[in-house]
Structures are given as C-alpha cells and as structure tokens.
Amino acid sequence: MPAAQVIGRGRAGQSVAHALEKAGFAPSVELVVLAVPDSAIAEVAASIEPRDDVVVAHMAGSLGLDVLAPHPRRASMHPLRSIPTTSTDLTGAWWAVAGDPVVRSVVAALDGRVVEVDDSARATYHAAAVMASNHVVALLGAVERVAASAGVPLDAFFDLVRGTVDNVAALGPAAALTGPVARGDWATVEAHLAALPESERATYEALTAAACSLPAKSTGQSTRTWPKAG
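These figures come from a predicted structure and were not determined experimentally. (Residues numbered from 1 in each chain as written. Predicted model: local features only at pLDDT ≥ 70, side-chain atom pairs only at ≥ 80, totals over all residues. Heavy atoms only, no water.)

Glancing now at helix 5 (residues 134–149). Over its 16 residues, helix 5 extends 23 Å from the first C-alpha to the last, a length consistent with the 22 Å expected when each residue adds 1.5 Å. Of all the residues in helix 5, the buried ones are Leu-140, Gly-141, Ala-142 and Ala-147. At its buried positions, helix 5 is contacted by helix 6 (158–171) and helix 10 (198–212). (Helix = DSSP H or I, 4+ residues; strand = E, 2+ residues; numbered from the N terminus. Expected span 1.5 Å × (residues − 1). Buried < 20%, exposed > 50% of the residue type's maximum accessible area, 1.4 Å probe, protein only. Contact = heavy atoms within 4.5 Å.)

Taken N-terminus to C-terminus, the directions of helix 9 (residues 186–195) and helix 10 make an angle of 160 degrees; their axes are 10 Å apart at the nearest point. The angle between helix 9 and helix 10 places the two elements in the roughly antiparallel class. Both helix 9 and helix 10 take part in a crossing whose hand is right-handed. Between helix 9 and helix 10, the residues in contact are Trp-186, Val-189, His-192, Leu-193 and Ala-194 and Arg-201, Tyr-204, Glu-205, Thr-208 and Cys-212, respectively. (Axes fitted to C-alpha atoms, helices over the stretch in contact; angles between N-to-C directions. Parallel < 35°, antiparallel > 145°, perpendicular 65-115°, else oblique. Left-handed = near helix turned anticlockwise from the far one by under 90°.)

Turning next to the environment of Pro-197. Its place among the elements puts Pro-197 in the loop between helix 9 and helix 10. Residue classification places Pro-197 among the partly exposed residues on the basis of a relative accessible area of 37%. Considered as a pair, Pro-197 and Ala-93 are 104 residues apart in the sequence and their alpha carbons are 39 Å apart.

Here is the structure:
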C-alpha cells in the first residue's frame, strides 16, 4: 500500500514523518510532503516528476499552491503548533490546509483538526501564527530582562502566563484583560514607563496601545483611550 513520503529532515519534517509512521498512515494515492525551507519549495517540487496519482504537498504557512506547479494534484498542510525539536508531538494539532483532500486524511490520521485557508489569505494567516508563537517568545524574553532587573526569575511568571492564556480561551481577549489598562489606571502605566529601561519602553508602549484597542468590558463596544496615545 502506498505511503506518505516526507522530503526534508529538519524539525518539522522529522516530526511529521514520525507522526505519520506512528499513525500508520497510508493514503489511496502516493503523497509527497515537502518539509523544506520556503525558498526551496518551488525548486524541489519542480524536480519531482508530475503524476496524476501523486499528491505533492508543502508545509509552508504563508505560501499558496502555485509554488507546486506543474503538479496536477497539489496541497498545503501547515501545523499550528510550535515545533522546537525533531520529535515534537503533532497529535491533535490544528492544521491549515488547502488543495487536494488527501491532506484532510493526514490530519484525521493524526487526530488533528482542520482549518481551511485559501491562498489569498495565507500570508495573513501565517502572520497571525507568528504573532501567536514567535512574538510571544520575544515578549517573554522582554519579561525575563525586565524581571531580572528587579531580581525576579522568569519562572515566577509562568503560572501568570498560563492562567492568562486559559482566561483568553475561556472568555476571549477583551473579557480576559486585567491590570492597569483594563482599569484605566494611566498613572500606573506612566510609572511603569518611567521605571523601564529605555530599550524596553517601545515594546511596553506598543502593547499598551494594543490592549487599549480591545473593547471595554463595561460596554462591550467602546475602546479605552490612553492619554499618551497619538
């Protein structure tokens, strides 16, 4: 029985290969998954002979199906999960898919969940994914630096971070917001800015402005106005 072939042995490629092997996935047509750098996808795809019984899929979050020309059966399957190692568990992950329906069988075999993302929205979708993962890592790096200047370890903040994410999942971003912006306590915001190293202020200001854009809980409609904004 034909099985999936994964080209590319980086963290994503090996994790997907392990997951498919563990699931015993074998589609009715041959599936070739390109887990190579985004810039190499078109070249690698072009090196594979097009066949009607072969689906060629890539794992790039921001690219459409055009990079897989001239293959008649194309697909994309991007896991919405951070993959820091070559053995990351992808069971139950969300996957952004497009193209040939065989990739939905892949997701089903991994007990995953599907979200359909058209080519026209791939870059926007991937920007959101980067914000949800990479930017959170960058933010926690800032937390680590600022906390260290106060003699507090990063570990002390992890329960706060996890609880906040749980609150957002349960209530949505607007209702989960707490702290000085939610209270309209601009004096505390200004005290924070005065205490922060200059190198950290831009991050704090940008995120304060973003928090202000969330609907106020009291009305569900109006946003908060930070006196310093603008």
